Each structure stands twice: as structure tokens, then as C-alpha cells.
Amino acid sequence: MMEPSHKSSSDSSKTPSISAMQAAEQITANPFDPSMFESEQIEQEYKKLVLDHANIIEFGAKYDEFDPMGKISYLDQIEQIEDRWDAFFFRFKLMNSLDRDYIKQCEEFLASMKLSEEEFRQLLKESHRLMRLDAERER
């Protein structure tokens with residue numbers, strides 16, 4: 001069970017509601033300049049990252065059945081994939097090859113839930129921290 005939040009009511013307004021998440025516009029733009037995938041190395045890295053991400057998400061569907069160490073290991077793997085995505089996106093950003101429509105849609109998506117990118121990342125980090133605490137308590 002997660003720890004109760006001791007934050008002020010103004011902090012809780014940053015947590016998006018399920019209805020806000022469901023009502024948010026979908027992101028339909030391709031994040032990357034397609035010409036960047038003319039490099040076989042970039043294309044292979046991208047395909048591996050997408051496959052690894054899909055597999056870990058599918059595997060996580062049974063998270064509640066994992067033993068405590070399995071939960072911690074799963075969270076470690078999720079964070080490794082997040083780091084790989086961050087590095088992949090950062091390279092495209094440095095090359096100015098992120099699609100502007102994609103960036104705009106992401107900003108609008110987060111804004112529809114009253115979150116900035118930084119607030120979203122903090123929310124995700126806090127969720128993982130609480131999940132780790134739960135797993136540690138189960139040990």
C-alpha cells in the first residue's frame with residue numbers, strides 16, 4: 001500500500017485525474033525527422049528500444065504478481081528504458097531533428113492535465129519511489 005500524501009491541497013492539484021488523462025488529445029505526430037532513419041544504426045537502435053519498451057510494458061501487466069525483488073528489478077528496467085529514451089531524444093534534439101508538431105502536441109497533452117514536462121517527470125519519479133517503498137515493505 002502506498003504512503004498517504006502529506007502534501008498541501010495545492011500540490012494535489014498537479015496530479016492529473018483519470019478523466020483528464022482520458023480526455024487528453026492523442027499525440028499523432030511522428031517525433032523524429034524520418035530522414036534520420038536513413039542511418040541503419042539509428043534505425044536499429046530505435047527498433048530495439050521500441051521492442052524493449054513494448055516488452056517491459058507487457059511484462060508489467062502482471063506486476064501485482066511479482067515478488068518484492070521482482071518488483072524492484074522491474075522498476076530498475078523501466079528506468080533504464082526511460083534513460084535510453086531520454087538519450088535517444090536528446091540526440092535528435094541536438095541535431096534539431098525533433099518534429100515541431102510532435103513537441104507542440106506533447107506540450108498540449110501535458111497542459112491538458114495541467115502539467116509541465118518537468119512536473120510530469122517529477123510525478124513519474126515519485127510514483128516509482130512509492131512503488132519501490134511498497135516493494136521494500138513487502139520484503
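This text goes with the structure placed above it.
Below, the structure is looked at part by part.

With that out of the way, let us pick up the overall build of the protein. Secondary structure assignment for the protein yields six helices and zero strands. The order of helices and strands in the protein, counted from the N terminus, is α-α-α-α-α-α. Of all 139 residues assigned to the protein, the portion counted as buried reaches 27%. For the protein, the proportion of contacts with a sequence separation of at least 24, taken over those separated by at least 6, is 78%.

Okay, the packing of aromatic side chains next. Counted according to the given criterion, the structure contains 18 aromatic pairs. Counting every residue linked through ring pairs, the aromatic cluster contains Phe32, Phe37, Tyr46, Trp85, Phe88, Phe89, Phe92 and Tyr102.

Think of an α-helix as turning once every 3.6 residues; residues three or four places apart then point the same way. With 13 residues, helix α5 (residues 100-112) should reach 18 Å at 1.5 Å per residue; the first-to-last C-alpha distance of 18 Å fits that figure. Next to the buried residues of α5 lie α4 (68-94) and α6 (117-138). The positive-phi residue at the C-terminal boundary of α5 is lysine 114, with phi of around 60 degrees.

Two elements in contact, helix α3 (residues 40-59) and α4, have axes whose closest approach is 10 Å; the angle formed by their N-to-C orientations is 150 degrees. Judged by the inter-axis angle, α3 sits roughly antiparallel to α4. Here the hand of the crossing between α3 and α4 comes out left-handed. Across the interface between the two elements, Ile42, Glu45, Tyr46, Lys48, Leu49, Val50, Asp52, His53, Ile56, Ile57 and Phe59 of α3 pack against Tyr74, Gln77, Ile78, Ile81, Arg84, Trp85, Phe88, Arg91 and Phe92 of α4. Of the residues assigned to the contact of α3 with α4, the class counts are 13 nonpolar, two polar and five charged.

A few words now on unusual backbone geometry. Phi is positive for asparagine 96, which is not a glycine, with a value near 55 degrees. In this fold, asparagine 96 is placed in the loop between α4 and α5. Take asparagine 96: its relative accessible area is 58%, and that puts it in the exposed class. If you check the backbone angles, lysine 114 has positive phi at about 60 degrees while not being a glycine. Structurally, lysine 114 can be placed in the loop between α5 and α6.

Procedures and definitions
- Residues numbered from 1 in each chain as written.
- Predicted model: local features only at pLDDT ≥ 70, side-chain atom pairs only at ≥ 80, totals over all residues.
- Heavy atoms only, no water.
- Helix = DSSP H or I, 4+ residues; strand = E, 2+ residues; numbered from the N terminus.
- Buried < 20%, exposed > 50% of the residue type's maximum accessible area, 1.4 Å probe, protein only.
- Contact = heavy atoms within 4.5 Å.
- Phe/Tyr/Trp six-rings, centres within 6.5 Å; stacked < 30°, edge-to-face > 60°.
- Expected span 1.5 Å × (residues − 1).
- Axes fitted to C-alpha atoms, helices over the stretch in contact; angles between N-to-C directions.
- Parallel < 35°, antiparallel > 145°, perpendicular 65-115°, else oblique.
- Left-handed = near helix turned anticlockwise from the far one by under 90°.
- Nonpolar A, V, L, I, M, F, W, Y, C, P; charged D, E, K, R; others polar.

It is worth stressing that arrangement in space is one thing and function is another; only the former is reported here.
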